[in-house]
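# Structural overview for review
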Amino acid sequence: MKIPFFLLFILLTFISGYTAETEEKDYMFSEGYLGLEGGDAYPWGTTEDAIQPALFGQGNFTYRYWKNTYGIVQFGYAYFKTYTEFKRFPGVHQFHGRVGLEHQFSWLRPLFLGAGFSCIWARSDGGDQEDKGPGVMLTDNESEFGTFLKVRLPIWKNEKYAIGANIYWEQLWTLPEKSNMLWIGVFVQRRMW
Amino acid sequence: MRIFILFILCFISFIQASIPVETEGMEPAIRSDGTFLTASPTYYYDRPSLMAGIHSQSELWSPDFLTKRLLVDRYSVLPSWQIQEPSIWMQVGNEIGDMIYHDVLTDSDDRPMNRTPMLEAGFRSNSFHGFFSTARFFQVDHFSSSTLKVNRKATGTMEYSLFGSNLPAFSTGYVGLGYSKDQTELSILAGREYLWLFGESGRWISALLSPRVESRFHYKKLDLSLIYEDVQYKDKEEQEEGTRKEWSGSLFFPFGKCCKSSKIQTGGGLAFRFVNDEGDTYFGLENDRAFWAFLQAKYEPIKDFTVSGHAGMNERDWLIQDSIQYSLKKGKSSHFLIGLHNLLGTRLNPMGESYEFFNQDTISLSAEGFLQLYQAKIDFTYEWKNVQFALRGSGFFEKGAETFDTTGFVEKRTDVWYRYGDVSRINSWIRGASAEMELAYQFKELFSASVRAGMERLWGEEERFEVQPSEYWLELKADWTINKTLLVSHSLHYRSDAMWNLRHPEPYEVPGDWFWNASFSQLFPKYGLSLTGTLLHVLSDEIKEVPNGNENRIRFFCNIKKTF
């Protein structure tokens, strides 16, 4: 599985490299936006048995990078409740950060497709560190990285403000297997410059 | 001016989109062009392609090492106290594979070994009338899981670093002031550092340097350094404790013109160490001191013909290295180089420790007699439009190579072996031949790719070297620079089997493996800003490349940097 994924990745990078537009004008940081986003995060796959879907909130900073490409930086928080049969702690605090790029392809207007790296920091809400059973690692600070793919759907905008929706597929590089999560959020953003 | 040139070189190397590593000096953990085996950031075997002799590169003293760190008997870039360019930066990372939410579903017996992070933050201010300040905190906890249990017993605590409790190979913090103007540079740094040193016995030895003070002075053609270290050694399990107060430094005149002739350049210098040991220090320096006086010279009697070398000596050892090189260029497209290289000396690193103390044994880290090494090299390069082709070859003879005479083993815990014995010599001839081929392609500023492949074969009466190097290796690189602001770099590597013969009761085979590195950087040149995410050692098996070392795992780290 690793090798086909690797070859596909290399192929995509080749294609993106050769098809990249050559910019005539310097767009970098010509626009900057701050936004607030809220929504639901849904564990997907094995981790569905560990934690329940949760509400999340996050702050977004978006800047223009190339003509049709924007950079994204996000920081947010979610509290994932465990199930009642898991007695060790009632939930897990998770802070997350994302950095990436999103691009508007002409054939996919008005949607933006994006990708980047994620980082999460998690710690249980209580729990005894001396009990070495399931969940003990979360009683201390844990962090992990991963990647995400996202789609942005602009819904409404004027000169200063915009409203839209984001859908993310996030995959964290955890063991014994990777953790998948689907995030759906609605954002309000203000153009700062 | 010197700082400016350094900055330009750093910038050029960055633009060329090479894969970054966690911190300076960890390159061996992601290289395949030769034999590179990593136990931890503070110990690796590094032997690049076409290198002569059976030793690793960091074992052999050279004037270039005056700014590097001496770790037991090897020189290391890491932990680097080299002052950075004016900037502020931060980076975080992890050996990927923490469980996070899977932990809730996993019994303790099925739990995979915990993965470990890395953390760095630092700044160097802009100059104010030449004066600047700097501070840096950095530690790489990667490569520390397998050694955790044994090392925890030695320290008696998990709190043996500036941050966290993973017992990382190094954890360093320093602050400092400096002055840089015209041709004068002066700096003084002071800090605290936790280190795990790898002894010839195979033990990891904890050392707390508190304080460590490093001062450097450069004026025109003179470099001075003076370093003070107050080292505390501790093994709580063995109830041993010791301290070392060490002064070390160097005086160095790099190459300068000599004798009114522009054809001859000479330089030279002096390096020294003074130690004062009390209690159990694990290492000893003969007479509590080491000196090294050396000269270097370069002579170019005719165009493209160069003779160069350096020679040094102290009361016990001597070391001479010289090379003769003839370079023939035909037009702009082809280049042929032939060279001879000789090395003669009583010890590869005459500044290293003299002894390691292990239980009742004193391990001598030097051997009687001397080594002699003779190498011939050729390098042919041909360029055609955007394509470059290179063929390189090397052959060497070596007698008196440094090795280790293992007289016994003791098992510390399951498959953790310590050894007794002494550094000794292989008093028979070893012969080696190696070759490599490189094909590189450049498409405008957008894309560059290269493929390098190499092989090596060694012969001799004695074949149980400390490390039997890899016989074959491969390196594929591809870099994109999209719109001059998005860098995407890949490198795919293969290294064939290597073998440790003397650190384990049975020969310890390091199986051949593939691995892939990738890096993605967003550049904001107008603002001096960069954002980088890097994946290292992907696709490979988790292999322990050195006996008693740690697995080389998949790692990810991201970096943000703003230059002033």
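Reading guide: rules and limits
Residues numbered from 1 in each chain as written. Chains lettered and ligands numbered in written order. Predicted model: local features only at pLDDT ≥ 70, side-chain atom pairs only at ≥ 80, totals over all residues. Helix = DSSP H or I, 4+ residues; strand = E, 2+ residues; numbered from the N terminus. Buried ≥ 20, exposed ≤ 12 C-beta atoms within 10 Å, placed from the backbone. Contact = placed C-beta atoms within 7 Å. Pairing = 2+ DSSP bridges. Core = buried A, V, L, I, M, F, W, Y, C linked by C-beta atoms within 7 Å. Nonpolar A, V, L, I, M, F, W, Y, C, P; charged D, E, K, R; others polar. pLDDT = per-residue confidence, 0-100.

### Side note on the overall build of chain A
The secondary structure content of chain A amounts to one helix and eight strands. Per-residue burial for chain A yields a buried fraction of 33% across its 193 residues. A separation of at least 24 residues holds for 55% of the contacts in chain A among residues at least 6 apart in sequence.

### A closer look at the sheet that holds strand 14 (residues 283-284) of chain B
Taken together, three strands build an open sheet; the order of strands is 14-19-20 (chain B) and the sheet is antiparallel. Each of the sheet's edge strands pairs with one partner strand only, and the pair in question is strand 14 and strand 20 (361-364) of chain B.

### Structural notes on the nonpolar core
Residue and element names in this part refer to chain B. The biggest cluster of nonpolar side chains holds 101 residues, and the ones touching the most others in it are Leu-37, Tyr-44, Leu-195, Leu-197, Ile-205 and Ala-207. Take this core: its biggest share by element is five residues, from strand 9 (residues 184-198). Contacts of Leu-197, omitting those with residues within four sequence positions, involve Thr-42, Leu-71, Val-72, Ile-205 and Ala-207.

### Re the sheet that holds strand 31 (residues 508-510) of chain B
Residues and elements named next belong to chain B. One open sheet accounts for three strands, arranged 27-30-31; its pairing is antiparallel. Each of the sheet's edge strands pairs with one partner strand only, and the pair in question is strand 27 (467-468) and strand 31. One ladder, built from three bridges, connects strand 30 (residues 498-500) with strand 31; its direction is antiparallel. Bridged to Trp-500 within strand 31 is Tyr-508.

### Considering the interface of chain A and chain B
Between chain A and chain B, the contact holds 37 residues from the first and 34 residues from the second. If you list the elements that add at least two residues to the side of chain A that touches chain B, you get helix 1 (2-19), strand 5 (112-124) and strand 6 (142-157) of chain A. Considering only residue class, the side of chain A that touches chain B consists of 19 nonpolar, 12 polar and six charged.

### What about the environment of Asp-361 of chain B?
Residue and element names in this part refer to chain B. Relative to the elements of secondary structure, Asp-361 occurs in strand 20. By the C-beta count within 10 Å, which is 17 here, Asp-361 ends up partly exposed. A C-alpha to C-alpha distance of 34 Å links Asp-361 and Met-113, two positions 248 residues apart in sequence.

### Overview of the confidence of the model for chain B
Residues and elements named next belong to chain B. With 96% of its residues at a pLDDT of 70 or more, chain B shows a mean pLDDT of 93. When mean pLDDT is compared element by element in chain B, strand 7 (residues 131-140) scores highest at 98, while helix 1 (residues 2-15) scores lowest at 38. Contacts from residues 1-16, a stretch scored under 50 in pLDDT, to residues over four places away or in other chains number seven contacts. Here the complex is predicted with pTM 0.91, and the ipTM for its interfaces comes to 0.89.

### Concerning the pairing of strand 9 of chain B
All names here are of chain B. Examined bridge by bridge, strand 8 (residues 170-181) and strand 9 share 12 bridges and lie antiparallel to one another. Bridged to Gly-178 within strand 9 is Ser-187. In this antiparallel pair of consecutive strands, strand 8 and strand 9, the connection spans two residues, and Asp-182 shows a positive phi of 50 degrees.

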